[in-house]
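Here's the letter readout for the chains.
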Amino acid sequence: MIYIVTFFLISFFVVHFDINKQGRNYDKVCFFFIMLYLILMMGLRYRVGIDTLNYMELYDEKPDLFSLSYFDFSTAPEDPFYIILCAIAKTIGDDFFWIQLLQMSIVNVSVFLFFYRYCLKKYTAVLLYYIITYFYFSTEIMRESLAIACFLFSFGFLYEKKWWKYYLCAVAAFLFHSSAFFVFFIPCFMNLKFNRYFVGILVGFVFLCIFYSNYIGDLALFLAFTERMLQKTEKYFLDERFFPSVNLLIYQIGSFFILPLCLYAYFRKRISDIRKYDSMMCLYMLISTMSIFFSISSRFRNYLICIYIMILADIAGYILCTQKKNKLLKLSVFFFLATFPSISGLFISPFSKYDSTIKNYHEWYPYHSIWDPQKERKREDYWHWQFSHK
């Protein structure tokens, strides 16, 4: 119920501010209110999210600030800045919700600042963020989302070519999560152009991966040159739980390749403002397409998803400003297309070969807070299945 109420609350602000363009005097207050609301909703959750349950199990091992100097960082599975953040949280209080609150505050302040600075229709961007990746950022990639927050802080430095500031944020991101090594290489792709040659390469890559899919795992094993990389490779490429069925492969190609490509290609011709983000969208589509066949690539797509959401919000703004007939119908169709992969993905059974009753939405539904501490059987089963087979 709380998720539906939140959806309609944000939708009200979309209509009030972005569509009707009213209430500019209290615009900032309402934007801050929505940010604070989203921080508290997931910051005060109880056993919501699959990775969250894993973090909760490991939280007791973390030091507080007073014992941090004696902690051996080299033996910890997490990266240093996350451990320091846990130490701050444990100094405030022993309960796990303190680290949830700190993590949600950092991530959502960064995301909301990003939308405030770069989106004309910022409430629309928040609504898309809520539907597409809010729950995932909040509960499933707690450590990586902190690294993503650092990258979003650095976005302006990237385009202004203030390299020392950008790479300072990149180092901070890397110290939160090692997947942020990807951020160091993003400037290398700033000259990518969205044209027919790029589209041709993308289409060719898809067909190449389809025809040679049997060799992808062998190639990944060959490229894994450290023990940790080898473990990750075996998990993502050799574990049968990560092998997509034919139906799932078709769904992923449609959702992560065809849909973003067609949306951007169509509206890019009509909205000159989004063309300045050609390189970021090209990189997003490249990584998104790779993630269909190399599931570990989805880690890197996470860093670019808010940029994609920003562009989707600009497209929604274009529809609002330029379409005179059937404006709301066209906007509704666009929202359906933009959010279809996220919403439809909730009903996929991640372990359909073993238990088809477990769906992705069990990660977050039903919701329980620290004032209503309950365990959900489906969620606990999901967690035990996923982490007992790593």
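Residues numbered from 1 in each chain as written. Predicted model: local features only at pLDDT ≥ 70, side-chain atom pairs only at ≥ 80, totals over all residues. Heavy atoms only, no water.

Participant: So what's going on with the overall build of the chain? Residues and values would help.
Facilitator: Of the regular secondary structure elements, the chain holds 18 helices and 0 strands. The buried share of the chain, reckoned over its 390 residues, is 51%. Taking as baseline every contact in the chain between residues at least 6 positions apart, the subset at least 24 positions apart corresponds to 72%. (Helix = DSSP H or I, 4+ residues; strand = E, 2+ residues; numbered from the N terminus. Buried < 20%, exposed > 50% of the residue type's maximum accessible area, 1.4 Å probe, protein only. Contact = heavy atoms within 4.5 Å.)

Participant: Provide a residue-level description of the nonpolar core, including the pertinent values.
Facilitator: If you look at the biggest cluster of nonpolar residues, it comprises 113 residues, and the most contacted ones within it are Phe115, Leu304 and Phe334. Residue contributions to this core peak at 16 residues, all from helix α16 (residues 298-322). When residues no more than four places from it in sequence are discounted, the contact partners of Phe115 are Phe31, Lys122, Ala125, Val126, Tyr129, Cys306, Ile309 and Met310. (Core = buried A, V, L, I, M, F, W, Y, C linked by side-chain atoms within 4.5 Å.)

Participant: Account for helix α17 (residues 327-345), with residues named and values stated.
Facilitator: End to end, α17 covers 28 Å across 19 residues, agreeing with the expected 27 Å (1.5 Å per residue, within 8%). All of the buried residues along α17 are Leu331, Phe334, Phe335, Ala338, Thr339, Pro341, Ser344 and Gly345. (Expected span 1.5 Å × (residues − 1).)

Participant: Got a sec to walk through helix α1 (residues 2-19)? Specific residues and values, please.
Facilitator: In this model, α1 (18 residues) spans 24 Å end to end at C-alpha, consistent with the 26 Å of a helix rising 1.5 Å per residue. By the burial criterion, the buried members of α1 are Tyr3, Thr6, Ile10, Ser11, Phe13, Val14, His16, Phe17 and Asp18. Its buried side turned inward, α1 meets α2 (27-43), α6 (122-140) and α16. Phi for Lys21, located one or two positions after α1, is positive at around 55°.

Participant: An account of the packing of aromatic side chains is needed here, citing residue identities and associated values.
Facilitator: In total, this model carries 49 aromatic pairs according to the counting rule given. With a centroid separation of 5.6 Å and 35° between ring planes, the pair formed by Tyr130 and Tyr134 is classed as tilted. Here Tyr130 and its partner Tyr134 are both found in helix α6, 4 residues apart, which amounts to about one turn of the helix. Here Tyr130 and Tyr134 have matching classes, each one buried. Over the ring of Tyr266 we find Arg270; its NZ or CZ atom is 3.7 Å from the centre of that ring. (Phe/Tyr/Trp six-rings, centres within 6.5 Å; stacked < 30°, edge-to-face > 60°. Lys NZ or Arg CZ within 6 Å of the ring centre and 35° of its normal.)

Participant: Just give me the short version of the environment of Phe334, but keep the residues and values in it.
Facilitator: Along the chain, Phe334 turns up in helix α17. In the structure, Phe334 is positioned 19 residues away from Ile315 in sequence and 8.8 Å away in space, judged by C-alpha atoms. Beyond its immediate stretch of four places on either side in the chain, Phe334 contacts Leu263, Phe267, Leu312, Ile315, Ala316 and Ile319.

Participant: Which residues make up a nonpolar patch on the surface, and what values go with them?
Facilitator: Taken together, the side chains of Leu329, Val333, Phe336, Leu337 and Phe340 present a nonpolar region at the surface, about 460 Å² in accessible area. One can find Val333 in helix α17. A relative accessible area of 44% means that Val333 is categorised as partly exposed. (Patch = residues over 30% accessible without salt bridge, like charges linked within 9 Å, V, L, I, M, F, W, Y side chains within 5 Å. Areas by Shrake-Rupley, 256 points an atom, 1.4 Å probe, with all protein chains shown as cover. Salt bridge = Lys/Arg side-chain N within 4 Å of Asp/Glu carboxyl O.)

Participant: Just give me the short version of the environment of Trp364, but keep the residues and values in it.
Facilitator: If you trace the backbone, Trp364 turns up in the loop between α17 and α18 (377-388). In the structure, Trp364 is positioned 224 residues away from Glu140 in sequence and 9.8 Å away in space, judged by C-alpha atoms. Those residues in contact with Trp364 that sit more than four places away from it in its chain are Tyr3, Val48, Gly49, Phe135, Tyr136, Thr139, Glu140, Leu346 and Arg379. Side-chain polar atoms of Trp364 contact the side chain of Glu140, separated by 3.4 Å. (Polar contact = N/O pair within 3.5 Å; in protein donor to acceptor, adjacent residues only side chain to side chain.)

Participant: How would you explain the packing of helix α11 (residues 196-211) against helix α15 (residues 278-293) if you had to name every residue and give the values?
Facilitator: In contact at an axis separation of 10 Å, α11 and α15 are set at 5° when each is read in the N-to-C sense. On the basis of the axis angle, α11 is roughly parallel to α15. Along its contact with α11, which presents Phe198, Leu202, Phe205, Val206, Cys209 and Ile210, the element α15 presents Cys282, Met285, Leu286, Thr289, Met290 and Phe293. A breakdown of the residues in the contact of α11 with α15 according to their chemical character gives 11 nonpolar, 1 polar and no charged. (Axes fitted to C-alpha atoms, helices over the stretch in contact; angles between N-to-C directions. Parallel < 35°, antiparallel > 145°, perpendicular 65-115°, else oblique. Nonpolar A, V, L, I, M, F, W, Y, C, P; charged D, E, K, R; others polar.)

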